[in-house]
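Structural characterization, general
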Amino acid sequence: QKEVEQNSGPLSVPEGAIASLNCTYSDRGSQSFFWYRQYSGKSPELIMFIYSNGDKEDGRFTAQLNKASQYVSLLIRDSQPSDSATYLCAVKIVRVGNEKLTFGTGTRLTIIP
Amino acid sequence: EPEVTQTPSHQVTQMGQEVILRCVPISNHLYFYWYRQILGQKVEFLVSFYNNEISEKSEIFDDQFSVERPDGSNFTLKIRSTKLEDSAMYFCASAGRGYEQYFGPGTRLTVT
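Description of the structure in this document. (Residues numbered from 1 in each chain as written. Chains lettered and ligands numbered in written order. Predicted model: local features only at pLDDT ≥ 70, side-chain atom pairs only at ≥ 80, totals over all residues. Heavy atoms only, no water.)

Let's talk about the packing of aromatic side chains
What counts, and what does not: Only the six-membered ring of Trp is used, alongside the rings of Phe and Tyr, when aromatic pairs are assigned; centres must lie within 6.5 Å, and planes under 30 degrees apart are stacked while those over 60 apart are edge-to-face, with the rest tilted.
Counted by the stated rule, this structure contains 18 aromatic pairs over all chains. Seen from their ring centres, A:Phe49 and A:Tyr51 are 5.5 Å apart, and the 35° between their planes marks the pair as tilted. Site record: aromatic cluster; members linked through ring pairs are A:Tyr36, A:Phe103, B:Tyr33, B:Tyr35, B:Phe45, B:Phe91 and B:Phe103.

Details of the interface of chain B and chain A
The condition is simple: Any two residues having at least one pair of non-hydrogen atoms within 4.5 Å are treated as being in contact. Two parts placed together each lose some accessible area under a 1.4 Å probe, and the buried area is that loss summed for both. Put simply, DSSP H or I for four residues or longer makes a helix, DSSP E for two residues or longer makes a strand, and each gets a number counted from the N terminus. Each residue gets one of three labels, nonpolar for Ala, Val, Leu, Ile, Met, Phe, Trp, Tyr, Cys and Pro, charged for Asp, Glu, Lys and Arg, and polar for the others, Gly among them.
Taken residue by residue, the interface counts 20 residues in chain B and 20 residues in chain A. Contact between chain B and chain A buries roughly 1700 Å² in total, counting both sides, with carbon and sulfur atoms accounting for 58%. At the level of secondary structure, the elements contributing two or more residues to the side of chain B that touches chain A comprise β4 (31-37), β5 (44-50), β9 (88-95) and β10 (101-103) of chain B. If you tally residues by element for the side of chain B that touches chain A, the top one is β4(B), at four residues. Across the side of chain B that touches chain A, the residue classes break down as eleven nonpolar, six polar and three charged.

Some points on the state of the cysteines
Residue and element names in this part refer to chain A. What counts here: Here, a disulfide means two cysteine sulfur atoms that sit within 2.5 Å of each other. In this scheme, a residue with accessible area under 20% of its type's maximum is buried, one over 50% is exposed, and one in between is partly exposed, where area comes from a 1.4 Å probe on protein chains only.
Applying the stated rule across the entire model yields two disulfides over all chains. The partner cysteine of Cys23 in its disulfide is Cys89, sulfur to sulfur 2.0 Å. Disulfide Cys23 to Cys89: torsion about the S-S bond roughly -70°, handedness left-handed. Taken together, the residues Cys23 in strand β3 (residues 19-25) and Cys89 in strand β9 (residues 85-93) connect sequence positions 66 residues apart. The same class applies to Cys23 and to Cys89, which are both buried.

Here you go:
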């Protein structure tokens, strides 16, 4: 079973619409959840993180976490062409110290003007 | 805004040669990481480093790999004898007292 699963896409969304990206994880010890944006040929850029159940909003981005269902999502409101990228979901199991991030394969998002 | 920097941006080497990839983490960060991403694949953890020692490493991080923090600012990854399958993007990341890891721009390693 894959540790972090994402639909690879591509996901096409019209400009101005809401893009919804999903991620599931297998380890119930996962406690920290991150969304990174990666443009082609570039490094992952942290855009959201969430530690507690519920929603966290930052500008046009909302991260949602449901630990019972082992599910985390990212909503992008008012999608812009510049949002076209691959979105990586990453989880961390917090035990001692500051351990690794485990990444999903990413979802490729295309915003259609 | 502080950022992680990496050099070189692109390294070409022959199989069997040693390479050193360099990183300067964000200055007040305490935790340092190396990840790699083979073209078209997911980002994979290699090693984490805290308090001048390795805190965790993956199966990929075998005896051919080593890390060092030679001074107060640099963090290096050495591959002793490169293989073709080491060709990848190598990302350095750092984190402060929170859990958020910030990535550098990466070094593209090409082994021929």
